[in-house]
Amino acid sequence: MSTTTLLGALLPAVPLVAGLLGLLLPPAPRAADQTRTGDQTRPAGDRARRVAIALGVAGSAGALALAVALLVTLDRPAEASTTWVDLGGLTVSLGVRLDSAAALVAVAVAAVALAVQVYSIGYLRRGPHDDVDTDHRYPPYAAQISLFTAAMLLVVVAGDLILLLVGWEVMGICSYLLIAHDRRLPEAPAAAMKAFLVTRVGDVGFLLGIALLGVSAGSFRIADVLAHDHAAGTLTAACLLLLAGVAGKSAQFPLHTWLPDAMAGPTPISALIHAATMVAAGVYAVTRLYPLFAATPVALAVLGVMASVTLLLGAFAATAQDDLKRVLAWSTVSQIGYMTGALAVGSTPAALFHLLTHAAFKALLFLAAGVVIHAVGTTLMSRMGGLRRSMPVTFWCTVIGLGALAGVPPLSGFWSKDGVLTVAQEAALHGAGPAPTWVGWLVWLAGLVGVAVTAWYATRLLLRTFLGEARMPLAHPHDPPAVMRWPLLLLAVPAALLGLAGFDWAFARRLLLTPTASEPAGEHLLIHVGPELLLPLALLAAGAGLAWLRWRRDPAADPAAALGPLRPVFAAAFRLDDVQRALVVRPTKALARAARTADEVVVDGAVEGSGRAALGLGGGLAALHRAALPRAAVGVLAGALLIGLAAVLIGVSA
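This is a predicted model, so every value here is computed, not measured.

K.L.:
I would appreciate a short explanation of the overall build of the protein in the present structure.
P.N.:
The helix and strand tally for the protein stands at 24 helices and four strands. Taken along the three principal axes of its C-alpha coordinates, the protein extends 110 × 70 × 55 Å. Looking at the protein as a whole, 52% of its 654 residues are labelled buried. Of the contacts made within the protein by residues no fewer than 6 positions apart, 79% connect residues no fewer than 24 positions apart.

In structure tokens form, the structure reads like this:
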């Protein structure tokens, strides 16, 4: 095993070990169980918390160091594997498959995980005036973040589809546990269960797609699967099944409904799972297997429709939310639609570029939102306002994050979103890429509309939260302590500047599936400077300007009032949750009730009825045995007579 492949193998192993050790720590006792030491009251589990912090930060920092070392040392794709299981010629291997794109994504995952681990130290700390102990379960919380990080990194470096599936599923269970961390909130366990069940629906398809590819190729090793000449029908079916898993994990239509509800979890978890890593896992999985999708126009067409619908659905739903975190959640749904749209029109570099910039600016936005929520004690923008003066650091970090989200030049989101729009325009106008031309038109037009709508709701969020007058009496809102401030400041750097890396052809080359030795051609560049930038900029200005003019007219009013009768429809996300409940949840519950009734009445009735019949027969026989002597004698004689009669009849017939 070379140094490069050793780094790749250690990448998920380091946070995995930290997570497993963290699970051995006891949760700290609640406030009622605290013990007094001298003049101060200290939790008896302070030591466990300190160890959990050390393990969590060390695991994420170690993973980040390994990812950076891998990025620096990896000069060409590398792979190493060993056979794990051989089932009648169908092999499953343990190994890594490394390239520059995997290294870049690993750096993004580890960096966000480290920021979340450090930020959580302050976010989940119990203050001296808190009535409820908010961090008595900090050790398992930190351990689960480490396990989640390990699972995502395993997805990034896995060289075998079964190994990728293991990381994929571990991410699912960790997200369930982390969303439900604060069990004082009744909506948190319900949101965790919804996220688990909805993503499991997609994961069934993902598992079947992997099974089809593995059986067809005779191996689950990704290199073997990509090299095999699959039958057209098998390949189409497998890719469509894989897209079901992508829709679930990346919150794409129609399996997107779990993501906004998952905001019931702690805000750092929203930054980790639902902004930067887990929801990007589906996009990354498609890039790993993209040669298969490129050979399947039907799958790309389905992906393009799914991306366009999701992009607009998420953007319009974000315009009418009052909950700060739900605005960002619907924004995530929409932005992932840009990534899947880039894949649909044939550009993995554009998709990965937006994945990287989105990881930076959306993690920054969620952590900044956590600071605001921590300071004011509410997630509702209608109860905020006027925070710019008292929280200047948080304000400017939010400005950078929202600017990158909306696509304000020269921030990172402007360049990566432009890359998606440019490749979609090429596919629409010139038929470039493997997808049908109409898919290019669909993605391009949806992306342009999304630019204006995103600028509108990003401007509304900034105005409602930080500008104007305060709409509720607040104690003393202020910027966060250093342990929460530094993650914001460090994430603000890539959120602002990462897009400029797209001008470097070496960076663009790292995001290509098949890197070239020389400078890439124009169609492989990540950034395109030309007249095509004018239309997105005009739409950006129009969206932001409309929100600002509406607010300027009445700073106390919500710009969303301009939506009129559409506002409740957008706030309910077109009531697709109700549709899902009517078409899936209620029939499933009715079927479950019918199955339970059949089990209790038919199956249990037959079993219990046979038992009662046997009991009754035994009781009758017992009554005969307890009969008086004359009756018993009559019974014996009658039995003897019957036996004799039977013997005579048998003899006559013989």
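Further notes follow.
K.L.:
Explain helix 1 (residues 3-23) to me, please; I cannot follow it from the model alone.
P.N.:
Taking 1.5 Å of rise per residue, 21 residues should cover 30 Å, and helix 1 covers 30 Å from first to last C-alpha, within 8% of that figure. The sharpest bend along helix 1 comes to roughly 30°, located at Leu-10, with the proline Pro-12 sitting one to four residues further on. On its buried face, helix 1 is in contact with helix 2 (46-73), strand 3 (78-87), strand 4 (90-98), helix 3 (100-123) and helix 4 (138-157).

K.L.:
I keep staring at the side chain of Gln-321 and nothing clicks. Help me out?
P.N.:
Its location among the elements puts Gln-321 in the loop between helix 13 (297-318) and helix 14 (324-344). Exposure remark for Gln-321: the relative accessible area of 5% places this residue in the buried category. Among all residues touching Gln-321, those that are not within four sequence positions of it are Arg-326, Val-327, Trp-330, Met-381, Arg-460, Phe-570 and Ala-571.

K.L.:
Hey, could you run me through the packing of aromatic side chains in this one?
P.N.:
Two aromatic rings, taken as a pair, are described by how far apart their centres are and by the angle between their planes. Using the criterion set out here, one finds 12 aromatic pairs in the structure. Here the aromatic rings of Tyr-176 and Phe-196 are separated by 5.5 Å at their centres, their planes lie at 55°, and the arrangement is tilted. In this pair, Tyr-176 is assigned in helix 5 (residues 161-179) and Phe-196 in helix 6 (residues 187-217), connecting sequence segments 20 residues apart. Residue Tyr-176 is classed as partly exposed on the basis of its relative accessible area of 25%. Of the aromatic side chains, those joined through ring pairs into one cluster are Phe-316, Phe-570 and Phe-574. Above the face of the Tyr-138 ring, Arg-49 is positioned so that its terminal group lies 4.5 Å from the ring centre. Geometry around Phe-196 places Arg-200 over its ring, the cationic atom sitting 4.6 Å from the centre.

K.L.:
Explain a nonpolar patch on the surface here, please?
P.N.:
Nonpolar side chains collect at one region of the surface, where Val-493, Leu-497, Leu-500, Phe-503 and Val-529 lie side by side and expose about 470 Å² of accessible area between them. Looking at the secondary structure, you find Leu-497 in helix 19 (residues 482-497). For Leu-497, a relative accessible area of 49% corresponds to the partly exposed category.

K.L.:
Which parts of the structure should I look at to understand the environment of Phe-316?
P.N.:
Structurally, the position occupied by Phe-316 is in helix 13. Between the alpha carbons of Phe-316 and Arg-567 there is a distance of 9.4 Å; along the sequence they are 251 residues apart.

K.L.:
I would appreciate a short explanation of the pattern of salt bridges in the present structure.
P.N.:
A pair can form between side chains of opposite charge whenever their charged atoms are brought close. Summed over all chains, the structure comprises 18 salt bridges. Ionic pairing is found between Glu-79 and Arg-97, a salt bridge with its closest N-O pair at 3.2 Å. Of this pair, Glu-79 sits in strand 3 while Arg-97 is found in strand 4, placing the two residues 18 residues apart along the sequence. We classify Arg-97 as partly exposed; its relative accessible area is 23%. With a shortest N-O distance of 2.6 Å, Asp-261 and Lys-194 are connected by a salt bridge. Taken together, the residues span a long stretch of sequence, with Asp-261 in helix 9 (residues 258-261) and Lys-194 in helix 6 at a distance of 67 residues.

Thresholds applied
Residues numbered from 1 in each chain as written. Predicted model: local features only at pLDDT ≥ 70, side-chain atom pairs only at ≥ 80, totals over all residues. Heavy atoms only, no water. Helix = DSSP H or I, 4+ residues; strand = E, 2+ residues; numbered from the N terminus. Buried < 20%, exposed > 50% of the residue type's maximum accessible area, 1.4 Å probe, protein only. Contact = heavy atoms within 4.5 Å. Expected span 1.5 Å × (residues − 1). Bend = angle between axes of the 7 residues up to and from the residue. Phe/Tyr/Trp six-rings, centres within 6.5 Å; stacked < 30°, edge-to-face > 60°. Lys NZ or Arg CZ within 6 Å of the ring centre and 35° of its normal. Patch = residues over 30% accessible without salt bridge, like charges linked within 9 Å, V, L, I, M, F, W, Y side chains within 5 Å. Areas by Shrake-Rupley, 256 points an atom, 1.4 Å probe, with all protein chains shown as cover. Salt bridge = Lys/Arg side-chain N within 4 Å of Asp/Glu carboxyl O.

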